[in-house]
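For reference, the chains in residue letters:
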Amino acid sequence: MKALQLATGLLAGSLLVGCDYSGDWLFPGSPEGLPDIYEITAEDGGLLIPAVITSTEEIRAATIYAEVAASRTSADGGVTFEFQGTGGNVCVLVDPETVTWNQAISANPLPAGEPWNYPDNFFDDGDLDLYAGLSVYYTGSPTKVGDFNVAYEDSLGNPVPISLGSCPDSVGFIGQPGFAGKGTPEYCTINTVGAEGVSYTVLLRTWSTPLDDDRLSFGVVLAQGSCNQLFQAVGAATGGNTPGQATINPVAVECAIMGESLLPGELPEDEADYRPFYGFDAVSDRIWPGSMDFEQTFCNIGLEAEPTPIRRYCRQELERVEEAGSFCSYEDFDASDFDTNERCYCGDVNNSPEAGAI
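Here the structure is a predicted model, which means the values were calculated and not measured.

A.B. asks: Residue-level account of helix α4 (residues 291-299), with values.
C.D. replies: Three or four residues apart is the spacing at which side chains of an α-helix point the same way, because the helix has 3.6 residues per turn. All buried positions along α4 are accounted for by Ser291, Phe294, Glu295, Thr297, Phe298 and Cys299. Packed against the buried residues of α4 are β4 (89-96) and α5 (309-323).

Printed below as a string of structure tokens:
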């Protein structure tokens, strides 16, 4: 019996010695030179200043474009920046790459579902969750993503976490903060009345990065006034000058920030040297070919006489790729090899599930 126990122990020990238990294989391979946690500053190194935006040209000039790597540990990754209260409303808008939707698979789809009955390429999409609040309540640091929660002790001595954040300002599942879906813009109006000159922190927490390259590009805007006013200025909302009165087109919001899908460019050797791009002109030669046309097609849903612009775009994309003798590469895209593969924005129609199938 003792001999059996000894043999079992030796076998277990040899397995431990021969195996790698670092857990690195559980995390995506992040590109060298791109940080998974960092802070955005103004071009001069100071705090960001909310811009006055009254037109599409002004929002493009005010957009900051950047990338963030997938987290290399089990802890959250993300990007932060600070600004000072203006004494009025301030809008924060972030748009991660690219565009995503859930495929409608009904054999007899309702008219509202027809634009979505072609599959999306979900390998090229990422997601950022938007948080914001007074900097004094932010629990993070330059190397750690935090939150705006504080511990409150009730009359029985039990710690009760409460959020003192300004964003998100909507409620989702079981009372938790509500966030937009994958690849969808997120926005929040922060009321800084009575807090002029007081520091606010915005956190863009990385929820997911694109599976095809593990680096998430995005565009972010900090604007004076409410988000309703911002969307009115860029044609994504109509009617009502009073905050809360405008009618926002949730699909058209995708085109408030354009060009956020960036080609994987050269990165610095040291992550500390990474810098974002300020304004649309700074990234005009780094935008994924065809991504803006794809976004615009998405934003035209409900505006065109034809109810299925996405389906039309996807069919034309497939025809173009086949005529060129190429093929759509999804999960492991090689940006340096455009001759034999292409990054298609629509998914493979052959992978569509059939209605009623298990």
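A.B. asks: Now, about a nonpolar patch on the surface: what can you tell me, with residues and values included?
C.D. replies: Residues Val136, Tyr137, Tyr152, Val160, Ile162 and Leu164 make up a contiguous nonpolar surface patch of about 510 Å² in total accessible area. Within the secondary structure, Val160 is located in strand β7 (residues 159-163). Judged by its relative accessible area of 31%, Val160 is partly exposed.

A.B. asks: Would you mind going over the state of the cysteines in detail, with residue names and values included?
C.D. replies: The tally for this structure, following the rule as stated, stands at five disulfides. Between the sulfur atoms of Cys91 and its disulfide mate Cys227 the distance is 2.1 Å. On the sign convention where negative means left-handed, the S-S torsion of about 100° between Cys91 and Cys227 marks this disulfide as right-handed. One end of the pair, Cys91, is in strand β4; the other, Cys227, is in helix α3 (residues 227-233), with 136 residues separating them in the sequence. The burial state of Cys91 is the same as that of Cys227; both residues are buried. One disulfide in the model links Cys328 with Cys344; its S-S distance is 2.0 Å. Measuring the twist about the S-S bond at about -75°, one finds the Cys328-Cys344 disulfide to be left-handed. With Cys328 in the segment after α5 and Cys344 in the segment after α5, the pair connects residues that are 16 residues apart, well separated along the chain. An identical accessibility class is assigned to Cys328 and Cys344; each is buried. Each bonded cysteine of the chain gets a number by its place in the sequence, and the pairs then read 1-4, 2-3, 5-6, 7-10, 8-9.

A.B. asks: Talk me through the nonpolar core; I want residue IDs and the actual numbers.
C.D. replies: A general tendency of soluble globular proteins is for nonpolar side chains to be buried together. Tyr38, Ile40, Phe81, Ile190, Val202, Leu204 and Phe218 are the most contacted members of the largest nonpolar core, which has 31 residues in total. Of all the secondary structure elements, the ones that give two or more residues to this core are β2 (64-69), β3 (78-84), β4, β5 (127-134), β8 (186-191), β9 (199-208) and β10 (215-224). Those residues within four positions of Tyr38 in sequence are excluded, and the remaining contacts are Ala66, Glu67, Val68, Gly78, Val79, Thr80, Phe218 and Tyr274. Grouped together as the second largest cluster of nonpolar side chains are 22 residues, Tyr65, Leu93, Phe231 and Val283 included.

A.B. asks: Explain the confidence of the model for the chain to me, and be specific about the residues and the numbers.
C.D. replies: Looking at the chain, the pLDDT average stands at 83 and 78% of residues meet or exceed 70. Least confident of the elements in the chain is helix α1 (residues 2-18), whose mean pLDDT is 48; most confident is strand β13 (residues 277-278), at 98. The model gives residues 14-18 a pLDDT under 50, and that stretch makes two contacts with residues more than four places away or in other chains. Ignoring residues within four places in sequence, the model shows residues 171-177, a span with pLDDT below 50, making seven contacts including any to other chains.

A.B. asks: Describe the pattern of salt bridges, with residues and values.
C.D. replies: All told, the structure shown has eight salt bridges when counted by the stated rule. Close ionic contact of Arg215 with Glu67 constitutes a salt bridge, the shortest N to O distance being 2.9 Å. Of the two residues, Arg215 is situated in strand β10 and Glu67 in strand β2; the sequence distance between them amounts to 148 residues. As a salt-bridge pair, Glu97 and Arg343 come within 3.3 Å of each other at their nearest N and O atoms. Taken as a pair, Glu97 in the loop between β4 and β5 and Arg343 in the segment after α5 lie far apart in primary sequence, 246 residues in all. Across this residue pair, the class does not change: Glu97 and Arg343 are buried. By sharing partners, the salt bridges in this structure join Asp36, Arg72 and Glu271 into a single network.

What counts and what doesn't
- Residues numbered from 1 in each chain as written.
- Predicted model: local features only at pLDDT ≥ 70, side-chain atom pairs only at ≥ 80, totals over all residues.
- Heavy atoms only, no water.
- Buried < 20%, exposed > 50% of the residue type's maximum accessible area, 1.4 Å probe, protein only.
- Helix = DSSP H or I, 4+ residues; strand = E, 2+ residues; numbered from the N terminus.
- Contact = heavy atoms within 4.5 Å.
- Patch = residues over 30% accessible without salt bridge, like charges linked within 9 Å, V, L, I, M, F, W, Y side chains within 5 Å.
- Areas by Shrake-Rupley, 256 points an atom, 1.4 Å probe, with all protein chains shown as cover.
- Salt bridge = Lys/Arg side-chain N within 4 Å of Asp/Glu carboxyl O.
- Disulfide = S-S within 2.5 Å.
- Core = buried A, V, L, I, M, F, W, Y, C linked by side-chain atoms within 4.5 Å.
- pLDDT = per-residue confidence, 0-100.

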